[in-house]
Amino acid sequence: MFITPAFAQAAPGGAAGAFTSFVPLILIFAIMYFLLIRPQQKKLKEHKAMVEALRRGDQILSQGGIIGKVVKVHEDGVLEVEIAEGVKVRMPRHTVAQVMSKTEPTA
């Protein structure tokens, strides 16, 4: 008695409807790119430039929290770092988190 038949309506504009359904997906990707991906790429580029500019005499902070002075830079991507008087350790270049003080290049 109170039940009425429900009829489905046809979707308006077939091609336009498909494009509008992708707009939110495109907007989400654009927001993610500008807020997450692009700053991370910039940070990685800066870190790579910092690591490549390391030379003997620089005071560094490693990712493990060790502060030391670069004694020797090897060609295979390894640094020799003096962390105390007479105590030298070898560590990969990419584990340097920060250069605390740079030395001036010799003439």
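These lines cover the structure that appears in this document, whether it is placed above or below. If you're wondering where the values come from, they're calculated on a predicted model, not measured in any experiment.

### Digging into the pairing of strand β2 (residues 67-73)
Side-chain direction in a regular strand flips from residue to residue, so the side chains alternate between the two faces of the sheet. Pairing of strand β1 (residues 59-62) with β2, which is carried by 3 bridges, proceeds in the antiparallel orientation. Considered in β2, the bridge of Ile60 is made with Gly68. With 4 bridges connecting them, β2 and strand β3 (residues 78-84) associate as antiparallel partners. Paired with Val73 across the two strands is Leu79, which belongs to β3. Linking β2 to β3, which pair antiparallel, is a turn of 4 residues; within it Gly77 sits at a positive phi near 85°.

### As for the sheet that holds strand β5 (residues 96-101)
On the basis of which strands lie adjacent, the open sheet formed by 5 strands has the order β4-β3-β2-β1-β5 and antiparallel pairing. Two strands lie at the open edges of the sheet, namely β4 (87-92) and β5, each paired on one side alone. Averaged over all neighbouring strand pairs, the angle between strand axes comes to 45°, with direction disregarded. Where β3 meets β4, 6 bridges bridge the pair, whose relative direction is antiparallel. Counterpart to Glu80 in the pairing with β4 is Arg90.

Conventions adopted
- Residues numbered from 1 in each chain as written.
- Predicted model: local features only at pLDDT ≥ 70, side-chain atom pairs only at ≥ 80, totals over all residues.
- Heavy atoms only, no water.
- Pairing = 2+ DSSP bridges.
- Helix = DSSP H or I, 4+ residues; strand = E, 2+ residues; numbered from the N terminus.
- Axes fitted to C-alpha atoms, helices over the stretch in contact; angles between N-to-C directions.

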